[in-house]
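# Chain and residue survey
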Amino acid sequence: MRRVLHVDMDAFFAAVEEKRDPSLKGKPIVIGGTGDPTRRGVVATASYEARTYGIHSAMPLKTAFKCCPHAVFLPVNYETYVKESKAFKELLLQITPVMEDVGIDEVFLDISDISAASESIAEKIKERIRTERSLSCSIGIAPNKLLAKIASDMQKPDGLTIIAPENIEAVLAPMPVRKIWGIGPKTEMRLKEMGIETVRSLTARSLENLIDSFGISYGHYLYQASRGIDDSSLITSWEPKSISRESTFQKDIGNWQIIARMLADLTKEVVEEMRDRDFRTRTVTVKIRFADFETLTRGLTLPEPVNGETEIRKAAFACLKRIDLAKKVRLVGVRVGNLGKIES
Ligand code: TTP
Ligand code: MG
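All of these numbers come straight from a predicted model, not from anything done at the bench. (Residues numbered from 1 in each chain as written. Chains lettered and ligands numbered in written order. Predicted model: local features only at pLDDT ≥ 70, side-chain atom pairs only at ≥ 80, totals over all residues. Heavy atoms only, no water.)

For the rest of this paragraph, the subject is the coordination of the magnesium ion (ligand 2). Taken together, Asp8 (OD), Met9 (O) and Asp105 (OD) make up the full set of protein donors to the magnesium ion (ligand 2), lying 2.0 to 2.2 Å away. Bound by six donor atoms, the magnesium ion (ligand 2) shows angles of 82 to 177 degrees at the metal and therefore octahedral coordination geometry. For the magnesium ion (ligand 2), the donor residues sit on a single chain with the sequence spacing D-M-x95-D. A residue is classified by how much of its surface remains accessible, and Asp8, at 15% relative accessible area, is buried. (Donors = N, O, S within 2.8 Å, 3.2 Å for Na, K, Ca; no water. Tetrahedral: all angles 85-135°; square planar, octahedral: opposite > 155°, others 65-115°. Buried < 20%, exposed > 50% of the residue type's maximum accessible area, 1.4 Å probe, protein only.)

Listed below in structure tokens is the structure:
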């Protein structure tokens, strides 16, 4: 079975400040802006002591000051946090090189091929981060990235949560929809208008209903994510630069048109992200996973770097045509690789 581990450092910026100045330990600490709570700026993070006064990330510093005037207010020392971020990630790379870097204080590790039990891998990581970096973290372990990230957040700080396959439904059902990665404030609002606030009520909706409201790609995503389904692989740093999207059908599909429509939809998303980041691509790859999990990829190298949706969609369809769709399809994916910046 696949095992994905998510590490999220506890009160990261504040913990690094405590490490720099141990006299701060146990005090309410608020990091944000220039560190002057009478000036404009928002809270980047607050120590767990400060959180007991109601202080949280993104709160105006002035409000944080009202919540707890005796808190220690400090400026953001971004360079120091980046150094600490690199150091703990290097330590994790010794556990496994299959690591996806997702943010300054969080990563995913694929621990499927490590023979040790999940608990002992997690305990070892916590111990090393504690002794070698003087920091604490929370860890989640689950069959996929989506659930591992939810798990690491469940028992903060210094938490360890393992979601076993048989517990997925019970764990997710009572959660507010915002806990699902990919559901932001806008979707949360729209779901609320539809009378959906918990994951349980989201799973009560039919796939057709969600597609009607949110489109084919995101509708599928919501349907599956709310059931804890996530087939996405880790994006490891040793892969060449690429952007990809993939989606698993709820039911295995034998109809070419539905597969093609999904591919067109995913390609559109990839092209949008590529353009936002000023990239052009020279290789387009399509992945098809059949119902029996056999997985085929077909790639195409283009004569010159492009960023047009039509050209890239044509390339993706040329790849799809080279796959014999003799069996029903479970997953469709598209990737643009060999990315280069647009030269101005
Ligand atoms: P988080 O992991 O969200 O927060 P955290 O590590 O401070 O606390 P915990 O995980 O224990 O709940 O974010 C990591 C760092 O990113 C955080 O220390 C500061 C920074 N950050 C901001 O600058 N602004 C924000 O709005 C958030 C959420 C985080
Ligand atoms: Mg954190």
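After that view, the rundown keeps rolling.
On to the environment of Arg128. Within the secondary structure layout, Arg128 lies in helix H5 (residues 118-133). The exposure class of Arg128 is buried, given its relative accessible area of 19%. For the pair Arg128 and Val306, spaced 178 residues apart in sequence, the C-alpha separation works out to 45 Å. (Helix = DSSP H or I, 4+ residues; strand = E, 2+ residues; numbered from the N terminus.)

On to the sheet that holds strand S3 (residues 45-46), then. Taking strand neighbours across the sheet as the criterion, the three strands line up as S3-S2-S4 in an open arrangement whose pairing is mixed. If you trace the sheet from one side to the other, it starts and ends with S3 and strand S4 (72-74), each paired once. With three bridges connecting them, strand S2 (residues 29-31) and S4 associate as parallel partners. In the strand pairing of S4, Val30 is matched with Phe73. Against the sheet, helix H1 (residues 12-20) engages S2, S3 and S4, with an angle of about 115 degrees to S2. (Pairing = 2+ DSSP bridges. Contact = heavy atoms within 4.5 Å. Axes fitted to C-alpha atoms, helices over the stretch in contact; angles between N-to-C directions.)

There is about 1400 Å³ of room inside the largest pocket. In terms of lining residues, the largest pocket is bounded by 47 residues, among which Lys145, Ser232, Ile235, Ser244 and Glu246 are the most central. Secondary-structure elements contributing two or more residues to the lining of the largest pocket are strand S5 (99-103), strand S6 (106-110), helix H6 (145-152), helix H11 (216-225), strand S9 (243-253), helix H12 (256-276), strand S10 (279-290) and strand S12 (329-337). Per-element accounting of the lining of the largest pocket gives the leading share, six residues, to S9. Estimated volume of the second largest pocket: approximately 640 Å³. The dominant element in the lining of the second largest pocket, judged by the number of residues it contributes, is H6, at four residues. Classifying every residue of the lining of the second largest pocket gives 14 nonpolar, four polar and nine charged. (1 Å grid on protein atoms, 1.4 Å probe; cavity = no way out; pocket = protein on both sides within 12 Å on 5 of 7 lines; lining within 4 Å. Points joined across faces, edges and corners; volume = space filled by probe spheres on them. Nonpolar A, V, L, I, M, F, W, Y, C, P; charged D, E, K, R; others polar.)

Turning to the sheet that holds strand S8 (residues 160-162), a few remarks are in order. The strand order across the open sheet formed by five strands is S5-S6-S1-S7-S8, and the pairing between neighbours is mixed. Each edge of the open sheet carries a strand with a single partner, namely S5 and S8. Strand-to-strand twist in this sheet, taken as the mean axis angle between neighbours without regard to direction, amounts to 15 degrees. In the packing of H6 onto the sheet, contacts are made with strand S1 (4-9), S5, S6, strand S7 (137-142) and S8, and the angle to S7 comes to roughly 145 degrees.

To continue, consider the site of ligand 1. Taken together, 13 residues lie near ligand 1, and Ala11, Thr45, Tyr48, Arg51 and Asp105 sit nearest. With respect to ligand 1, the backbone of Ala11 contributes an N or O atom lying 2.8 Å from an oxygen atom. Between ligand 1 and Asp105 there is a distance of 2.9 Å, counted from an oxygen atom to a side-chain nitrogen or oxygen. Considered on its own, ligand 1 offers 550 Å² of accessible surface; in the complex 68% of this is hidden by protein. Put simply, ligand 1 lies in the second largest pocket. Elements with a minimum of two residues in the shell around ligand 1: S1, H1 and helix H2 (48-51). (Near = heavy atom within 4 Å. Polar contact = N/O pair within 3.5 Å; in protein donor to acceptor, adjacent residues only side chain to side chain. Areas by Shrake-Rupley, 256 points an atom, 1.4 Å probe, with all protein chains shown as cover. Sits in = over half its atoms within 2 Å of the grid points.)

Treat this as a map of the structure, not an account of what it does.
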